[in-house]
Amino acid sequence: MFLHIDVDTFFVSAERSRDPSLLGIPVAVGGRSNLEIFERKRAHIRLMDENHGAFVAPVFYSDRRRSFEHFIDRIDGREKIRGIVTTASYEARACGVKTGMPLAQALRLCPELLVLPNDMLHYHRLSHALSLFMSREIPRLEQFSIDEFFGDLSGWVAWEESEVFARSLQQKIFRRFRLPVSIGIARSKWTAKLATEYAKPYGIRKVEDVRSFIREIPIGEFPGIGRGYRKRLEERGIRFLGEIESQKRLFESWGVPGRQLYRRILGIDGEGIAERPSRRSVGISRTFDPLNDPAELKRRIMVMARHVAYITMKIGANPTRYYLKINYQGALRAKEAIRVDRIFSERLFKEKLGEVYERIRLPGAAAVKLSLSVSDFTRLHPRTLSLLDLDRDRRDRKITEGVQRIRERFGLDAIRTGNELV
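Every value quoted in this text rests on a predicted model; they were computed, and no experiment measured them.

About the criteria used
- Residues numbered from 1 in each chain as written.
- Predicted model: local features only at pLDDT ≥ 70, side-chain atom pairs only at ≥ 80, totals over all residues.
- Heavy atoms only, no water.
- Helix = DSSP H or I, 4+ residues; strand = E, 2+ residues; numbered from the N terminus.
- Axes fitted to C-alpha atoms, helices over the stretch in contact; angles between N-to-C directions.
- Parallel < 35°, antiparallel > 145°, perpendicular 65-115°, else oblique.
- Contact = heavy atoms within 4.5 Å.
- Buried < 20%, exposed > 50% of the residue type's maximum accessible area, 1.4 Å probe, protein only.
- Lys, Arg positive; Asp, Glu negative; His and termini not counted.
- Salt bridge = Lys/Arg side-chain N within 4 Å of Asp/Glu carboxyl O.
- Polar contact = N/O pair within 3.5 Å; in protein donor to acceptor, adjacent residues only side chain to side chain.
- Phe/Tyr/Trp six-rings, centres within 6.5 Å; stacked < 30°, edge-to-face > 60°.
- Pairing = 2+ DSSP bridges.

Draft legend 1. Inspection of unusual backbone geometry at higher detail. Each neighbour pair has its own omega, and for Lys-200 with Pro-201 the value is -5°, a cis peptide bond. Note on placement: Pro-201 falls in the loop between helix H6 (189–197) and strand S12 (204–206).

Draft legend 2. The packing of helix H11 (residues 294–314) against helix H13 (residues 390–410), seen in detail. For the pair H11 and H13, interaxial distance at closest approach is 10 Å and the crossing angle is 95°. Judged by the angle between their axes, H11 and H13 are roughly perpendicular. Along its contact with H11, which presents Arg-306, Ala-309, Tyr-310, Met-313 and Lys-314, the element H13 presents Arg-397, Thr-400, Glu-401, Gln-404, Arg-407 and Glu-408.

Draft legend 3. Highlighting the side chain of Asp-269. Residue placement: Asp-269 occurs in the loop between helix H10 (255–266) and strand S13 (281–291). No salt bridge is formed by the buried Asp-269; the nearest opposite charge belongs to Arg-264, separated by 5.6 Å. Separated by 2.9 Å, the side chain of Asp-269 and the backbone nitrogen of Glu-271 make a polar contact. Sequence-distant contacts of Asp-269, defined by excluding residues within four places in its chain, comprise Ser-188, Trp-190, Arg-263 and Arg-264.

Draft legend 4. Structural context of the packing of aromatic side chains. Applying the stated criterion across every chain yields a total of 16 aromatic pairs. With a centroid separation of 5.9 Å and 55° between ring planes, the pair formed by Phe-10 and Phe-11 is classed as tilted. You'll find Phe-10 and Phe-11 in the same group, each marked buried. Geometrically, the ring pair formed by Tyr-229 and Trp-254 is tilted, given 5.2 Å between the ring centres and 40° between the ring planes. One end of the pair, Tyr-229, is in helix H8 (residues 227–235); the other, Trp-254, is in the loop between helix H9 (248–252) and H10, with 25 residues separating them in the sequence.

Draft legend 5. Region of interest: the sheet that holds S13. Read across the open sheet, the four strands follow the order S13-S16-S14-S15; overall the sheet is antiparallel. Because the sheet does not close on itself, it has two edges, and the strands there are S13 and strand S15 (333–339). Here the strands of the sheet are splayed against their neighbours by 10° on average, with no regard to which way each runs. Where strand S14 (residues 319–328) meets S15, seven bridges bridge the pair, whose relative direction is antiparallel. Paired with Leu-324 across the two strands is Glu-336, which belongs to S15. Against the sheet, H11 touches S13, S14 and strand S16 (367–377), its axis set at about 155° to S13. Sitting on the sheet, helix H12 (residues 346–360) touches S14, S15 and S16, and the angle it makes with S14 is about 40°.

Draft legend 6. Inspection of the environment of Ser-345 at higher detail. Residue placement: Ser-345 occurs in the loop between S15 and H12. For the pair Ser-345 and Thr-191, spaced 154 residues apart in sequence, the C-alpha to C-alpha distance is 43 Å. Each residue touching Ser-345, except ones within four places of it in the same chain, is listed here: Asp-396, Arg-397 and Thr-400.

Given below as structure tokens:
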């Protein structure tokens, strides 16, 4: 038996938890790509990486406090509001404000909207505190995202008492953290997650019978049915989850992912809690104003590579797949992934990314986004790595480990390489 716990409008609720004057008014937390990592002046950047989950990304932060000015650009004497809505309160949603909407549009729809800059460090710390608290209340807990958790109550709470337990947990969380949570209860993990959507805001939904519950729920509402699956199903006239059970052969034709999705929809997946899911990749991306300078673009790649290398070293991983993607204006993009069977180090990572950049860059095109990642982690064992470069790679690894210790103490930008400063 599973609970799915979801903090309602988490970023807004996190702000309200420390400022009650925000209660009852339309509030939005805005987001804008954090470009301070590219500054040549030290920002004393550090990493918050205490939370663990399938969809919990580490956050880089500095001591700088942001205000609404963070969203305003002044060009030729004119002001332009930049950024998007990352979370909107229910009062703001009543005015038509939605997640992902440009802030300028949100303010036109709701002139009284109060826009706050996001404080990811506060949100991650609050999420971590909430995770620690719930791990004492629930024997098996999985953090799924910064504001979502799964709990397995099997052998701990009887099915008949699950709603009482959930109500008590909900009240405890609100008393301790001033955070409203909605809770779904079901015998299967993914049904519980779907049920939470029908519990919001600050409610509880218990699913006694999966088939009756999903009968008239649109297919796009199920977690795991993205645009691709939705299109395939709609092309066959399938609109509701209740129509899925008779389509077993269709889902099996889509291989392992299709069979897994079919079982999850019907609540027969038998999946349990992943108490500390292992990280399969490390990545970072940044969006910025159109950039035509190839040297500056390469410098930014090197800066981002330092951040990826820092996280990679912190978790003790040895990735063998490096990936770079550049998005350009006009929906153009260039990308390449390479296999590198060597001991990971910051020097090697930057060297290989520099080579990839020279191969894939589009001269004359203006870049607007960079994405870097590493994956395919392997053990540091000579039999799995290149012997030709082994001695040099070991030396570079030791240098990276030494630099890592300095950065952990004095900040991630305490030491930077020359190709980040040109």
